[in-house]
Amino acid sequence: MRRAKKSAEPPQEILDAQDSLERRIRAHMARGRVVVTLTDNRYTMISVRRFPKDRRYEVRLHHMFASADPVITRALARYIAENDADASRILGDFIDDNSDHVRGRSRRTPTTLIFTAGEHHDLRSIFDELNERYFDNRIDAAITWGARTGRPRRRNSIKMGSYSVEDRLIRIHRSLDRAFVPHFFVAWIVFHEMLHQVHDIRVKNGRREFHSKEFLADEAQFEQYDEARSWERRHLDAILTY
Ligand SMILES: [Zn+2]
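Residues numbered from 1 in each chain as written. Predicted model: local features only at pLDDT ≥ 70, side-chain atom pairs only at ≥ 80, totals over all residues. Heavy atoms only, no water.

**Q** Can you tell me about the overall build of the protein chain, naming the residues and giving the values?
**A** Per the secondary structure count, the protein chain includes 8 helices and 8 strands. Scaling as 2.2 N^0.38, a compact globule of 242 residues should have a C-alpha radius of gyration of about 18 Å, and the protein chain matches this with 19 Å. Seen along its three principal axes, the alpha-carbon backbone of the protein chain occupies a region of about 55 × 40 × 40 Å. Relative to its full complement of 242 residues, the protein chain shows a buried share of 44%. Nonlocal contacts in the protein chain, meaning residues at least 24 apart in sequence, comprise 65% of its contacts between residues at least 6 apart. Only carbon and sulfur atoms are counted for the fraction: they give 46% of the accessible area of the protein chain, which is about 14300 Å². Of the charged side chains in the protein chain, 44 are positive and 37 negative; the average position of the first set lies 3 Å away from that of the second. (Helix = DSSP H or I, 4+ residues; strand = E, 2+ residues; numbered from the N terminus. Rg over C-alpha atoms; globule rule 2.2 N^0.38 Å. Buried < 20%, exposed > 50% of the residue type's maximum accessible area, 1.4 Å probe, protein only. Contact = heavy atoms within 4.5 Å. Areas by Shrake-Rupley, 256 points an atom, 1.4 Å probe, with all protein chains shown as cover. Lys, Arg positive; Asp, Glu negative; His and termini not counted. Charge placed at Lys NZ, Arg CZ, Asp CG, Glu CD.)

If you want it as structure tokens, here you go:
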């Protein structure tokens with residue numbers, strides 16, 4: 001499904017609710033400007049774009065947040081401005097409690113929490129850059145960091161990225177949201193998952209083929225392809241320790 005762009009102004013009551021929520025979030029912030037857009041998304045409950053130069057934050061929030069109480073608006077402020085982990089957990093619980101407000105969802109099918117702003121990498125801007133540069137803005141997917149985990153340990157494998165066809169959702173492992181991981185490497189993993197929307201999974205000799213010849217050829221179009229693969233080989237242990 002491709003969603004058509006809305007051109008009409010939202011109704012006055014939505015504009016008022018957005019204004020009110022902006023003021024209530026802003027009240028908990030020392031500085032910065034917040035612009036809130038309320039949505040009726042099925043998958044993305046929160047998405048933040050940060051513009052550090054002019055201390056501006058563009059926030060898209062599911063309408064369940066319109067009547068949020070001060071505990072929640074304070075958590076929103078801390079999540080938006082500082083990407084605070086406790087705030088993120090509070091928001092996660094709030095979303096779970098309110099998931100029956102999400103179209104086509106019930107309490108029994110918890111909503112996927114979308115967090116694009118990481119501590120070191122912003123998935124939303126990486127996705128947008130790649131979509132414009134390589135895909136003519138044709139990829140229609142949500143993207144999120146995966147769940148945080150507990151104490152770091154050495155793992156045998158990590159799924160650095162995944163793409164869910166049903167949810168149109170790209171998930172990137174939190175292990176990559178660390179200072180030593182370069183921007184181009186995160187972009188490379190995101191690029192790979194975006195390609196999964198372009199290439200259908202085919203069945204070959206009775207087995208599902210995730211990475212066809214054509215997929216691999218497209219993958220090699222990534223500008224820092226060699227650099228990304230070589231970086232991965234050299235830093236595998238560090239990536240797996242999370
Ligand atoms: Zn893949």
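Past the structure itself, the notes keep going.
**Q** Tell me about the coordination of the zinc ion, residues and numbers included.
**A** Between any two of four tetrahedral donors, the ideal angle at the metal is 109.5 degrees; between two of six octahedral donors, it is 90 or 180 degrees. Protein coordination at the zinc ion comes from H192 (NE2), H196 (NE2) and H211 (NE2), with a distance range of 2.0 to 2.1 Å. Ordering the donors of the zinc ion by residue number gives the pattern H-x3-H-x14-H. With H196 in helix 5 (residues 183-198) and H211 in the loop between strand 8 (207-209) and helix 6 (213-219), the pair connects residues that are 15 residues apart, well separated along the chain. Classification of H196 as buried rests on a relative accessible area of 13%. (Donors = N, O, S within 2.8 Å, 3.2 Å for Na, K, Ca; no water.)

**Q** Tell me about the pattern of salt bridges, and please be specific about residues and values.
**A** Enumeration according to the criterion identifies 9 salt bridges in this entry. Notably, a salt bridge pairs D136 with R138, separated by 3.5 Å at the nearest N-O pair. The class of D136 is exposed, set by a relative accessible area of 56%. The class for R138 is exposed, based on a relative accessible area of 55%. Salt bridges here are not isolated pairs; linked through shared partners, they connect R49, R124 and D128. (Salt bridge = Lys/Arg side-chain N within 4 Å of Asp/Glu carboxyl O.)

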